[in-house]
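Observations on chain architecture
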Amino acid sequence: AQSVAQPEDQVNVAEGNPLTVKCTYSVSGNPYLFWYVQYPNRGLQFLLKYITGDNLVKGSYGFEAEFNKSQTSFHLKKPSALVSDSALYFCAAPYNNNDMRFGAGTRLTVKP
Amino acid sequence: SQTIHQWPATLVQPVGSPLSLECTVEGTSNPNLYWYRQAAGRGLQLLFYSVGIGQISSEVPQNLSASRPQDRQFILSSKKLLLSDSGFYLCAWSTGVGGAEQFFGPGTRLTVL
């Protein structure tokens, strides 16, 4: 079973600056890790996942995430933030073979 | 391609009334299906999941129930709504294969008055 934690409720960045949304994990075995984004009054959208292999995972909308085993982290990053990236971001990991557990979410605000 | 539908999009119901929310998936067969509730735009609480027709697992004891009458249909119900049942209800599906991501529907905003 795995669990994730998102230490920041809110992240504010200026448009054009790099952004990082943090996630740490606790795992028994090999971790599967996911990032999702939620825009207001919408369902969650899958961004990217880490299963195995390259520690840098590239996903949708220019996002990427770096798996760091020594720090047990899977931070979401983007080199240059857009105002339209403002949303709620969730880190997630499978709890067992059949369901997923999500972090509490981090609200990203990108200011023009 | 696969799509997931939920309806209604919004619902306002009085306390004590019944509830039925429906979720259907197209373009895949034998999916795992999930119901989540999200309160106040924050974390997701897994309510139920199903790995097949008639197979329902409940994560938390509550005023709600779920059913899966067909392979790609998942229904969330209540006989008598409580104020605390208000929230944003999300349906999701996955292939069930290890490491598979979940795909979410657009959600239903339920307000119980």
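Since the model is a prediction, treat every value here as computed from it, not as a measurement.

Turning our attention to the overall build of chain B. Across its full length, chain B holds zero helices and 11 strands. Secondary structure elements of chain B, listed N to C terminal, follow the sequence β-β-β-β-β-β-β-β-β-β-β. In summary, chain B has a C-alpha radius of gyration of 13 Å against a globular reference of 13 Å for 113 residues, a match within 12%. Each of the three principal axes of chain B carries a C-alpha extent, and together these read 40 × 25 × 20 Å. Contacts in chain B between residues far apart in sequence, at least 24 positions, make up 55% of those at least 6 positions apart.

Let us now look at the state of the cysteines. In the structure shown here, the tally under the stated rule is two disulfides over all chains. Each sulfur in the disulfide pair C23(A) and C91(A) lies 1.9 Å from the other. Torsion about the S-S bond of the C23(A) and C91(A) cystine: about -60°, corresponding to left-handed handedness. Placement of C23(A) in the loop between β3 (19–21) and β4 (24–27) and of C91(A) in strand β10 (residues 87–94) is noted, with a sequence separation of 68 residues between them. Each member of the pair, C23(A) together with C91(A), is buried. Covalent S-S linkage joins C23(B) and C91(B), the inter-sulfur distance amounting to 2.0 Å. The chirality of the disulfide connecting C23(B) with C91(B) is left-handed, given an S-S dihedral of about -75°. Of this pair, C23(B) sits in strand β3 (residues 19–26) while C91(B) sits in strand β9 (residues 87–94); the two residues are 68 residues apart in sequence, bridging distant segments of the chain. In terms of burial, C23(B) and C91(B) fall into one category: buried.

What counts and how
Residues numbered from 1 in each chain as written. Chains lettered and ligands numbered in written order. Predicted model: local features only at pLDDT ≥ 70, side-chain atom pairs only at ≥ 80, totals over all residues. Heavy atoms only, no water. Helix = DSSP H or I, 4+ residues; strand = E, 2+ residues; numbered from the N terminus. Rg over C-alpha atoms; globule rule 2.2 N^0.38 Å. Contact = heavy atoms within 4.5 Å. Disulfide = S-S within 2.5 Å. Buried < 20%, exposed > 50% of the residue type's maximum accessible area, 1.4 Å probe, protein only.

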